[in-house]
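Examining the three-dimensional arrangement
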2 protein chains.
Amino acid sequence: MDNCFILKGNICHTPQADSLTIKENAYLICEGGVCRGIFDVIPEPYKNLEVIDCTGKLIIPGMTDLHTHAPQYAFCGTGMDYELMEWLNRITFPEEMLYADEEYALRAYEIFAGKVKRSAASRIVLFGTIHPNSTLILMDLMEQSGLVTYVGKVNMDRNAPPGLTEESASRSAADTRFFIEEAIRRGYQRTRPVITPRFAVSCTDELMKELGKIRKEFDLPVQSHLSENPGEIDLVRQLVPEAHFYGDAYDRFGLFGGEGNTVMAHCIYSGPEETERIKSNGVWVAHCPSSNMNLSSGIAPVRRYLEKGIRIGLGTDIGAGTSESLFRAVTDAIQVSKLYWRYIDQKAKPLSFSESFYLATKGGGSFFGKVGSFEEGYSFDALVLDDSIEPAAHSMGSKDRLERAFYQELDRNGIVMKFVDGRQIF
Amino acid sequence: MDNCFILKGNICHTPQADSLTIKENAYLICEGGVCRGIFDVIPEPYKNLEVIDCTGKLIIPGMTDLHTHAPQYAFCGTGMDYELMEWLNRITFPEEMLYADEEYALRAYEIFAGKVKRSAASRIVLFGTIHPNSTLILMDLMEQSGLVTYVGKVNMDRNAPPGLTEESASRSAADTRFFIEEAIRRGYQRTRPVITPRFAVSCTDELMKELGKIRKEFDLPVQSHLSENPGEIDLVRQLVPEAHFYGDAYDRFGLFGGEGNTVMAHCIYSGPEETERIKSNGVWVAHCPSSNMNLSSGIAPVRRYLEKGIRIGLGTDIGAGTSESLFRAVTDAIQVSKLYWRYIDQKAKPLSFSESFYLATKGGGSFFGKVGSFEEGYSFDALVLDDSIEPAAHSMGSKDRLERAFYQELDRNGIVMKFVDGRQIF
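Residues numbered from 1 in each chain as written. Chains lettered and ligands numbered in written order. Predicted model: local features only at pLDDT ≥ 70, side-chain atom pairs only at ≥ 80, totals over all residues. Heavy atoms only, no water.

1. Re the overall build of chain A
Across its full length, chain A carries 13 helices and 17 strands. For 426 residues, the compact-globule formula gives about 22 Å, and the C-alpha radius of gyration of chain A, at 21 Å, lands near that figure. With the principal axes as the frame, chain A shows a C-alpha extent of 60 × 50 × 40 Å. Taking the contacts inside chain A whose residues are at least 6 apart along the sequence as the reference set, 75% of them involve residues at least 24 apart. On chain A, roughly 14000 Å² of surface is accessible, and the fraction owed to carbon and sulfur atoms is 47%. (Helix = DSSP H or I, 4+ residues; strand = E, 2+ residues; numbered from the N terminus. Rg over C-alpha atoms; globule rule 2.2 N^0.38 Å. Contact = heavy atoms within 4.5 Å. Areas by Shrake-Rupley, 256 points an atom, 1.4 Å probe, with all protein chains shown as cover.)

So this is what it looks like as structure tokens:
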């Protein structure tokens, strides 16, 4: 069988959110791309497998970036003086228009793909642009990267500048069908399309209805944005007066969980009804703390979502998020949860390191199935971290080393091996 | 004359907080370690100086870290699940005890010194520990680094564990005198002592009185902590009932600006009276956003301080702050100011990139005199940044390149030259 081997090292994961589990000098078994568990001694049936010796290094699950925008990497880290709607109009939309040019798309997406290939992410849920061919270029590159991804051709037929507004709902739907069929025809192994209405502001009811049909027809997941900014929420209220709340503007068209997986980015201002619907429809929340600070959006009530058993993971949300580092997303999530506790709700205990690590691994990973943990039967997504590149004055236990590696963002230069479904990416 | 040369490149600085000034392909003149200004054409008197050609690169002022703890670098990035007082007792104090051992101090401080030498900081105001000899080792290393620093032997004669509590106010004072006299005897060029009561919680009135005398006798600056955490503030109220407010517990002993420079870290919860005293006594505020998030302390009202004309700069505050990157401190300050605006005071406009850049350069630099700007007569502290190590899909103006470099924390690996007082550090 292919993809059978053993990693030896200090193995860290979070089967439960609140308990980081660490086994030092242990063996992690990969059989056909699937994890067979962590052992102190190699069990008899696996005695003959190759052992990749990473003694002393930290081994953690590959991480999931549950929300990001590939075309926005080109301006990531610039234009950070605006709120959401102004930022879209001034910074984002002008950039996304450039992706009408496939040569530009190739050049820009190559940079993005190179970056995420080396990152801590083994799985990503991505936005492209409205352009089907450019988004297919992005899919080709993601397939080559070895990561497992969902990639969406964006839909928007209103409230965007002329060069970035699809001419009609039916044209947007036709382009989406073309995109999906072509993606299927290309026979990717690990790159799948996802239905991607940008947000309720930019999609007419007619378009939403079409997307609901396409979703059902091809049995695809959905990604979009939800309750990110007070001004945006007001706008949705005006644009979709029939919706009981923002999320209902998706749910009315079968684009909000239930049948088929859905991930909604942000969910900062979701009220009780919306939160209930997120829960009952099994929608994933993509918590994007960097983006939510940069656009002055706010802080999502992550503790409340965890307590309610809502599915939740982390997103880098490039380019409103200013770092592609998922290690940083983990520590950002902790930091903003502390400010949330201090200023908004002293009953909402800040996230522990373990909990935030869980969000970036098993939490978001669940969108892809059994992903983000080293329990038996999980996909073998793994990172080997060499934290010795940062000297230390005294020896540290694995828990401290791991926490330090995250705060130092060692995913920038400390990941020495990366595996996805048991395949070595580097 | 020594230290005379010209840097050519894209020169960026903030003579005023709200206007980032950029001159592309310009010449920055250093004469005897002092900046003679920025020119499009080299002026006649400087025609014969060597030109260091950094065409296309970004040149910015060396930055000031107005508050950090050298001994805490050893655990930086770990133990982040506590608030201030618990964190001190569980994490910080046990580490600081280790510095009784000078061999350990040397090993740990060498790592710290190596790190900050490569960092964006040209100037740092630092805490050591209570141990005079170990703190002198830190001074030796800082002197060798080429940076200009103030280094403090910490004073604490109460509310710390036995191994870290000085046995009496008089012993603490004697050790402080020894430390200062020895520092003077060693004849450092760029490393100066600073009076360092840890905070009002850990210093008896008797010790404060002694430190006030020593400060005056040697004409030294002062550094300490102020109004960081609600629990800490309550404690000070109990411990120093005579003080009208927390800062008054320093001012009563001549340790709060007025004669001699003083920098106070945090100032998150300073009320109107304290703020007024900070202003009237000319105290510098060291804003430490990373630390203030990590210890769930809160967000300092930086906009209010700027509007009042209070002196203010940025601090990394290692190890409660989890990054030695001043680029990150700049973007952290922007991010928390956005949350402050959103949740605490919608009249407090978020910091712009220019304003936060100013805080880390001219704002904090002013503690050292004319530092942190390329105006005529300022100390020639400069960094040359190569941001081409991060590929870009399209060309960007210098403003966008600079902002991107900060969000990408390119001070980790993108600084190719560093000058302090005109001396090249690397």
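2. Concerning the sheet that holds strand E14 (residues 312–314) of chain B
Residues and elements named next belong to chain B. Spatially, 4 strands are ordered E11-E12-E13-E14 in an open sheet, and the strand pairing comes out parallel. Strand pairing shows two members of the sheet lacking a second neighbour, strand E11 (222–226) and E14, which therefore form its edges. Shown here is a sheet whose adjacent strand axes are inclined to one another by a mean of 30°, direction ignored. Against the sheet, helix H12 (residues 353–365) touches strand E13 (284–287) and E14, its axis set at about 110° to E14. (Pairing = 2+ DSSP bridges. Axes fitted to C-alpha atoms, helices over the stretch in contact; angles between N-to-C directions.)

3. Looking at the pattern of salt bridges
In total, this model carries 64 salt bridges over all chains according to the counting rule given. The closest approach of N and O atoms between Arg90 of chain A and Glu86 of chain A, which form a salt bridge, is 2.8 Å. Here Glu86 of chain A and Arg90 of chain A lie together in helix H1 (residues 84–97), a separation of 4 residues that amounts to about one turn. Judged by its relative accessible area of 49%, Arg90 of chain A is partly exposed. A cluster of three or more residues bridged by salt bridges with shared partners is formed by Arg328, Asp332, Glu409 and Arg412 of chain A together with Arg328, Asp332, Glu409 and Arg412 of chain B. (Salt bridge = Lys/Arg side-chain N within 4 Å of Asp/Glu carboxyl O. Buried < 20%, exposed > 50% of the residue type's maximum accessible area, 1.4 Å probe, protein only.)

4. Notes on the domain arrangement of chain A
Residue and element names in this part refer to chain A. You can read the domains of chain A as domain 1 (5–62 + 373–424) and domain 2 (63–368). Placing a centre on the C-alpha atoms of domain 1 and another on those of domain 2 gives a separation of 29 Å. Residue-level contacts link 33 residues of domain 1 with 29 residues of domain 2. At the junction of domain 1 with domain 2, the criterion picks out 3 salt bridges. Glu375 serves as the salt-bridge partner of Lys362, at 2.8 Å between the closest nitrogen and oxygen. The interface formed by domain 1 and domain 2 includes 16 residue pairs in polar contact (both at pLDDT 80 or more). (Domains from an automatic or database assignment. Polar contact = N/O pair within 3.5 Å; in protein donor to acceptor, adjacent residues only side chain to side chain.)

5. Focus: the state of the cysteines
Residues and elements named next belong to chain A. Under the defined criterion, the tally for this structure stands at 0 disulfides over all chains. Unpaired in terms of disulfides, Cys12 finds its nearest cysteine sulfur in Cys54, a separation of 12 Å. Given the relative accessible area of 0%, Cys12 is considered buried. (Disulfide = S-S within 2.5 Å.)

6. Focus: the packing of aromatic side chains
Residue and element names in this part refer to chain A. Counted by the stated rule, this structure contains 36 aromatic pairs over all chains. Ring pairs connect the aromatic residues Phe5, Phe374, Phe380 and Phe419, which therefore count as one cluster. Sitting over the ring of Phe426, Arg118 keeps its end group 3.8 Å from the ring centre. Positioned over the ring face of Trp284 is Arg311, at 4.2 Å from the centre of the ring. (Phe/Tyr/Trp six-rings, centres within 6.5 Å; stacked < 30°, edge-to-face > 60°. Lys NZ or Arg CZ within 6 Å of the ring centre and 35° of its normal.)

7. Here we look at the layout of surface pockets
Vacant regions in the atomic arrangement are exposed by a probe of water-molecule size rolled over the atoms. The calculated volume of the largest pocket comes to roughly 680 Å³. Lining the largest pocket we find 32 residues, and of these Gln408, Arg412 and Asn413 of chain A together with Arg412 and Asn413 of chain B sit closest to its centre. (1 Å grid on protein atoms, 1.4 Å probe; cavity = no way out; pocket = protein on both sides within 12 Å on 5 of 7 lines; lining within 4 Å. Points joined across faces, edges and corners; volume = space filled by probe spheres on them.)

8. Here's the deal with the environment of Val151 of chain B
Residues and elements named next belong to chain B. Its location among the elements puts Val151 in strand E7 (residues 148–152). What makes Val151 buried here is its relative accessible area of 0%. With 40 residues separating them in the primary sequence, Val151 and Thr191 have C-alpha atoms 7.1 Å apart. Once residues lying within four places of it in the same chain are set aside, the contact partners of Val151 are Leu126, Thr135, Leu138, Met139, Met142, Phe179, Thr191, Arg192, Pro193 and Val194.

9. What about the interface of chain A and chain B?
Tallying the contact residues gives 55 residues for chain A and 55 residues for chain B. Carbon and sulfur atoms make up 48% of the area that chain A and chain B hide from each other, which totals about 4500 Å². It is Arg342, Tyr343 and Ala393 of chain A that lose the most area in chain A upon contact with chain B, and together they represent 13% of the buried surface on that side. Our count for the chain A to chain B interface comes out at 10 salt bridges. (Buried area = accessible area lost by both parts, 1.4 Å probe.)

10. Digging into the packing of helix H11 (residues 326–343) of chain A against helix H11 (residues 326–343) of chain B
Taken N-terminus to C-terminus, the directions of H11 of chain A and H11 of chain B make an angle of 40°; their axes are 12 Å apart at the nearest point. Comparing their axes, H11 of chain B and H11 of chain A come out oblique. For the element pair H11 of chain A and H11 of chain B, the recorded crossing hand is right-handed. Taking contact as the criterion, the partners of Arg328, Asp332, Gln335, Val336 and Leu339 of chain A in H11 of chain A are, on H11 of chain B, Arg328, Asp332, Gln335, Val336 and Leu339 of chain B. Broken down by class, the residue content of the contact of H11 of chain A with H11 of chain B amounts to 4 nonpolar, 2 polar and 4 charged. (Parallel < 35°, antiparallel > 145°, perpendicular 65-115°, else oblique. Left-handed = near helix turned anticlockwise from the far one by under 90°. Nonpolar A, V, L, I, M, F, W, Y, C, P; charged D, E, K, R; others polar.)

11. Section: the sheet that holds strand E6 (residues 121–127) of chain A
Residue and element names in this part refer to chain A. Taking strand neighbours across the sheet as the criterion, the 4 strands line up as E5-E6-E7-E9 in an open arrangement whose pairing is parallel. Strands with a single pairing partner mark the edges of an open sheet, and in this sheet they are strand E5 (63–69) and strand E9 (191–193). Between one strand axis and the next, the sheet turns by 20° as a mean value, whatever way the strands run. Sitting on the sheet, H11 touches E5 and E6, and the angle it makes with E5 is about 90°.

12. Description of helix H4 (residues 169–185) of chain A
Residues and elements named next belong to chain A. End to end, H4 covers 24 Å across 17 residues, agreeing with the expected 24 Å (1.5 Å per residue, within 8%). For H4, the full list of buried residues reads Ala169, Ser172, Ala173, Asp175, Thr176, Phe179, Ile180, Glu182 and Ala183. Structurally, H4 contributes buried residues whose contacts are with helix H3 (132–145), strand E7 (148–152), strand E8 (154–155), E9 and helix H5 (205–218). The positive-phi residue at the C-terminal boundary of H4 is Gly187, with phi of around 65°. (Expected span 1.5 Å × (residues − 1).)

13. Remarks on the environment of Ala348 of chain A
Residues and elements named next belong to chain A. Along the chain, the position of Ala348 falls in the loop between H11 and helix H12 (353–365). When the C-alpha atoms of Ala348 and Pro301 are compared, they prove to be 7.9 Å apart, with 47 residues separating the residues in sequence. Residues within four places of Ala348 in sequence aside, it is in contact with Arg303, Tyr340 and Trp341.

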